[in-house]
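Listed below, chain by chain, are the residues.
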Amino acid sequence: MSTSPVIYLDHAATTPMLPEAIGAMTEELAQLGNPSSLHNAGRRARRVVEESREQLAEVFGARAGEVVFTGGGTEADNLAVKGLFWSRRAADARRTRVLTTAVEHHAVLDSVRWLCDADGAVADWLTVDACGLVGADVLRAALSRDPSSAALVSVMWANNEVGAVQPVASLAAAAHEFGVLFHTDAVQAAAQLPVDFAASGADAMSVTAHKLGGPVGVGALILGRGTAPVPVLHGGGQERDIRSGTLDVPAIRAFAVAAVASARRRSAEASRVALLRDDLIRQVLRAVPDAILNGPPPGPDRLPGNAHFSFPGCEGDALLLLLDARGIACSTGSACTAGVAEPSHVLLAMGADESRARGSLRFSLGHTTAQGDIDALGACIGEAVTRARRAAGAAAR
Amino acid sequence: MGIRVLAAMSGGVDSATAAARAVDAGHEVTGVHLALSQNPQSYRTGARGCCTLEDARDARRAADVIGIPFYVWDMADRFKRDVVDDFVAEYAAGRTPNPCLRCNEKIKFEAVLDRALALGFDAVCTGHYARIDASNGALMRAADDGKDQSYVLAVLTSDQIKHAMFPLGDTPKALVREEARDRGLLVADKPDSHDVCFIADGDTQGFLARQLGTAPGKIVDADGTTLGEHDGAYGFTVGQRKGLRLDRPAPDGNPRYVLSIEPVSNTVTVGPAAALAVSEITAVRPVWTGCPPPLSPIECSVQLRAHGEVYPCVAWLAGDELVINLRTPARAVAAGQAAVLYDGDTVLGSATITAAR
């Protein structure tokens, strides 16, 4: 096993838990009580859950009653996409069209595909530009083609691979012009951007704890009043009958503590991380002049902690291996069950050819990233690319 | 001093133990599972194959237990081109290929080795049962005669062997299983793989028929008399007795065997067992790893198929061809198989059989 210190540049995969979240979770793990129970222990647990719910609502610009806890971002996306599709179609059988983009996270993408394959939905893929962004005019045009067939629009707030920040408020407004519900996956955005549910105008928004310093396995779907998805999980009727299952009190407590702490530091952190990210881009381009920065240019359209490159002539997984051997953790941005690197569906949707999509790497920065991490990458990316190119040449024989 | 080793991990007990031994020997080891199928479900499932999602998971778990980095390398395109398509083309040409040998030659010790060397590794380690003579770099049979796999590695060149590592060559299989158990590797009791990994149901004839379609032709005897019909000459192997579906028995009442396969006329010739006896073999593309290319005939022994018998012989080079004269006749020698020359346990060289008389 490598003994070199880890240079962790994969915060978009998961970010270290904040000490205050670990503290809150550890403390709560020692406590007893099911928040659905009526006795004293239950009441104590319920109070923790409801206080956490209120704190999260405040952080995300929502009302406490709009926060539905889930087992994470994937579950929140499944509940939003499937649940809202089912409820809209049940109300009006003509509404079978789901409008979304090809750059969504698989939790949305594959939920939509499953609805199409198994349940009569029709996907309408909104075109993204070369930076991965979709404009409100594109959505408006797609909706106006046949407004009465639209069940739901789902567009992510910020892309997990290339960091593109979508114009969520204009998209939500466009959807509402046609009376169509708008869901956004804000899993990546919530860690780095001010994410205000009410101001965005979205009807539903997915968030998760572990991208912002909380534990893995807890998230929430924020649901505007009157927006009632058909449940995916049936059972004890927790969470307003929308999401059954005993609530994970320690995780929810830690989620709220992390979200509050992260929000308090967000503005300063975003500037700090963006400066480091800009330096990372500079160092990588200096070492590998023909590397291509994918996604929007650094600025308001891009997550501050995201840098995503294509390295022409390289396989992303060869680069990942070489950097891993140097103690640098990053990501090719997509993986299938067998662990075989697939070309990034996000880059393909942005119009990249397959070799550019295969030869890509994502570096994502977060609250523990320091200048030394960037310098360490800058010191070895050049040699790694040279080696990976040689390996790709060997494979082409 | 340790070197950088890439351990090819199939998900089975042998390659996992081999990787663990490489770590123990002080090397810096990285595990790699080769994804060989474009559609993993189509290859053999569970314990029997080497290319399924379950195998990838087993390999990953073993790497975690050993404590080494682990990646999956997608070799599906290369495997299809160099092994599967070649397998089909060889049968279509009337020969009987050995896909495991081809996979070692073209995938593990070419595609994977080249990529590994380019990435800065020094060697590729596998769970094959074979040894490498430290004094001269020659390939040798494994200590466990029953598991010896030197035959399917004998196509490797000296350069390939120089970058190969077979840590299990000195150990009987039973002890390897025991060692795997002691190491906490959960694959310790996984059954050995058998047959052709890319033919999911084990039905080679059915697989070939799907690839090549039916091509009806004649089954004849040595005189050219038609005895029956077949659906495709590729469905036969020299020495085969069953499945000939001949109309009438031989005049002497003895069983008949496939003697030769002629792809151009799509004809299968059959005859008595005695006609299968072979005393001279011609083979092409010789590779010499245990001795320099011989300038004069050499006394040695030859193996003509995996786990096959070993025959004493004299072998010499006639231009680009290797000619092998058997001291005792062999039975049913199929073109397309490798003729591997041994001096005792040492592999001298190998070549691909084209003709046998």
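Residues numbered from 1 in each chain as written. Chains lettered and ligands numbered in written order. Predicted model: local features only at pLDDT ≥ 70, side-chain atom pairs only at ≥ 80, totals over all residues.

Asker: Can you walk me through the overall build of chain A in this structure?
Answerer: The helix and strand tally for chain A stands at 13 helices and twelve strands. Over its C-alpha atoms chain A spans a radius of gyration of 21 Å, differing by no more than 12% from the 21 Å that the globule rule assigns to 397 residues. When the 397 residues of chain A are sorted by exposure, 52% land in the buried category. Sequence separation of 24 or more characterises 74% of the internal contacts of chain A that already satisfy a separation of 6 or more. (Helix = DSSP H or I, 4+ residues; strand = E, 2+ residues; numbered from the N terminus. Rg over C-alpha atoms; globule rule 2.2 N^0.38 Å. Buried ≥ 20, exposed ≤ 12 C-beta atoms within 10 Å, placed from the backbone. Contact = placed C-beta atoms within 7 Å.)

Asker: When you look at the sheet that holds strand β4 (residues 123-125) of chain B in this model, what are you seeing that I'm missing?
Answerer: Two orientations exist for strands paired in a sheet by backbone hydrogen bonds: parallel and antiparallel. Residue and element names in this part refer to chain B. The five strands are arranged β3-β2-β1-β4-β7 in an open sheet whose pairing can be described as parallel. Both edges of this open sheet fall to β3 (70-74) and β7 (164-165), since each of them pairs with a single strand only. Contacts from helix α4 (residues 99-118) reach β1 (4-8), β2 (28-35), β3, β4 and β7 within the one sheet, and its direction differs from that of β4 by about 135°. (Pairing = 2+ DSSP bridges. Axes fitted to C-alpha atoms, helices over the stretch in contact; angles between N-to-C directions.)

Asker: For this particular structure, what's the right way to read the nonpolar core?
Answerer: Inside soluble globular proteins, nonpolar side chains tend to come together where they are buried. Counting residues in each nonpolar core, the largest one holds 141 residues, and the members touching the most others are L319 of chain A together with A7, A19, V124, L139, V333 and A339 of chain B. For this core, the leading source of residues is helix α13 (residues 371-396) of chain A, giving nine residues. Core analysis: the second largest hydrophobic core is formed by 93 residues, V59, A150, L181 and F255 of chain A among them. (Core = buried A, V, L, I, M, F, W, Y, C linked by C-beta atoms within 7 Å.)

Asker: Can you walk me through unusual backbone geometry in this structure?
Answerer: Most peptide bonds take the trans configuration, and most residues that are not glycine carry a negative phi. All names here are of chain A. Of note in this structure, R240 is not a glycine but carries a positive phi near 55°. Checked against the element boundaries, R240 lands in the loop between β8 (219-223) and α9 (249-287). Among the residues examined, R240 registers 12 C-beta atoms within 10 Å and is labelled exposed.

Asker: Looking at this structure, how should I read the sheet that holds strand β9 (residues 292-293) of chain A?
Answerer: Residues and elements named next belong to chain A. Pairing within the open sheet is antiparallel, and its three strands lie in the order β9-β10-β12. Where the open sheet ends on each side, the last strands, each with one partner, are β9 and β12 (360-364). Relative to β12, strand β10 (residues 306-310) runs antiparallel, the two being bridged by five bridges. Bridge pairing links F309 to L361 in β12. Relative to the sheet, α9 contacts β9, β10 and β12, its axis offset from that of β10 by approximately 20°.

Asker: Would you mind showing me how to read the domain arrangement of chain A here?
Answerer: Many analyses report the size of an interface as the accessible area lost when the parts associate. Residue and element names in this part refer to chain A. The domain boundaries assigned to chain A delineate domain 1 (7-15 + 266-396) and domain 2 (19-260). Domain 1 and domain 2 are separated by 28 Å when their C-alpha centres are compared. With 25 residues of domain 1 in contact, the opposing surface of domain 2 contributes 23 residues. At the level of elements, α9, β10 and α11 (345-349) are the ones that each hand at least two residues to the side of domain 1 that touches domain 2. Examining the composition of the side of domain 1 that touches domain 2, we find that three residues originate from one element, α11, more than from any other. (Domains from an automatic or database assignment.)

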